[in-house]
Amino acid sequence: MHRIEDTLTQVQNQINSAAKAHNKNSNDITLLAVSKKHTAEKIREVYTLGLRHFGENYIQEAQEKQAELAALEITWHFIGPIQSNKTRAIAEHFDWVHSVDRLKIAKRLSEQRNAYIAANHSVDKKGEIKPLNICLQVNIDEQESKSGVMPSDAVETALSIAKLPMLALRGLMFIPAPSSDYAQQRATFSRAQALYKELQQHCPDMDTLSMGMSGDLEAAIAEGATIVRIGTALFGAREA
Ligand SMILES: *Cc1c(COP(=O)(O)O)cnc(C)c1O
């Protein structure tokens, strides 16, 4: 059995030493705890240890945990594939969406977030409206039947999304083809970073490069990740 306080310390040490080795500031890197298939109690435990950002992939599962944990100040990130009939629930229950992979989905999220805000929800403690933070998912390895826009379409699609009201386009998200080879991981994330830099030339406010999971965390940080999405290394293996 893993003790979560130990695995959390390990992951944080990994982030800090990768940042140091590659001349990055670890304060610029957010650890997103990917809690899919793990219980609300586990989330509460990690929250108590100081984490505030949690990522979920399945809307129904997420909503059940969100209801249980409503008293906590969690920033919820949706990171799973998005079907159009689920956009309303996502627009109403999350602070971030990393897995926007087409303009149509972004338009629906924008309209539905707008309706939700108009109904006077989703304001912060000062009563200010909160747009939905968005990352465009890019299929960096151009894998068949995987989510994400093609790299060649990424900047144009991002610029269209950036114009939509009630969304704040924050950057790009990547899930590379699995590889355990460090040099290969670096090469892929380096292409991801180049695309992100290109987008930043058009949108200097862009501040989020969401990449790196349990198996490729160091390579992602070396190439400038600002959010790493960590499940297994933190919570242990998920049941199928
Ligand atoms: C499940 C998942 C993760 C976490 O993966 P681990 O290998 O368990 O760290 C990260 N990002 C996305 C999009 C996921 O679906």
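Now for a quick tour of the structure. Residue numbers here run from 1 along each chain, matching the order of that chain's written sequence. At least 70 in pLDDT is required for a residue's local features to be given in this predicted model, at least 80 for side-chain atom pairs to be given and counted, and no such filter applies to totals for whole chains, interfaces and linings, which use all residues. As a rule here, side-chain values come from all non-hydrogen atoms in the structure, and water together with hydrogens is ignored.

What follows deals with the site of the ligand. Whether a residue is near a molecule or strand depends on its heavy atoms: if one lies within 4 Å, it is near. Taken together, Val34, Lys36, Asn57, Ile79, Ile175, Met213, Ser214, Arg229, Ile230, Gly231, Thr232 and Arg238 make up all the residues around the ligand. Any pair of N or O atoms that falls within 3.5 Å is considered a polar contact. Within protein, one atom must be able to donate a hydrogen and the other to accept it, and sequence-neighbouring residues count only if both atoms are side-chain atoms. At 2.9 Å, a side-chain N or O of Arg238 approaches an oxygen atom of the ligand. Per-residue and other accessible areas were derived by the Shrake-Rupley procedure at a 1.4 Å probe size, with only the shown protein chains allowed to occlude residues. About the coverage of the ligand: the protein hides 88% of its 390 Å² of free accessible area. Throughout, the ten residues Ala, Val, Leu, Ile, Met, Phe, Trp, Tyr, Cys and Pro are labelled nonpolar, Asp, Glu, Lys and Arg are labelled charged, and all others, Gly among them, are labelled polar. A breakdown of the residues in the shell around the ligand according to their chemical character gives five nonpolar, four polar and three charged.

Two strands pair under a simple rule: DSSP has to find at least two bridges between them. Strands here mean DSSP runs of E at least two residues long; helices mean DSSP runs of H or I at least four residues long; both are numbered from the N terminus. Where strand β1 (residues 30–34) lies against strand β2 (residues 53–56), two bridges are found, and the strand directions are parallel. In the sheet register, Val34 faces β2, and the bridge partner there is Gly55. When the strands point away from the viewer, a crossover counts as right-handed if the path from the first strand over the helix to the second runs clockwise. Once you follow β1 into helix α2 (residues 40–48) and on to β2, the crossover reads as right-handed. For β2 and strand β3 (residues 75–78), the ladder comprises four bridges, and the chain directions are parallel. By the bridge assignment for β3, Glu56 is matched with Phe78. The β-α-β motif built from β2, the intervening helix α3 (residues 59–68) and the parallel element β3 has right-handed crossover chirality.

What follows is about the nonpolar core. Soluble globular proteins tend to bury their nonpolar side chains together. Among buried residues, those of type Ala, Val, Leu, Ile, Met, Phe, Trp, Tyr and Cys that are joined through side-chain atoms within 4.5 Å constitute a nonpolar core. For the exposure calls, accessible area comes from a 1.4 Å probe over protein chains only, and a residue counts as buried if that area is under 20% of its type's maximum, exposed if over 50%, partly exposed in between. Of all hydrophobic cores here, the largest spans 65 residues; its most connected members are Phe54, Val97, Leu109, Ile134, Phe174 and Val228. Counting residues per element, this core draws most heavily on helix α1 (residues 4–21), which supplies six residues. Ranked by size, the runner-up nonpolar core spans seven residues in total, among them Ile79, Trp96, Cys135 and Met173.

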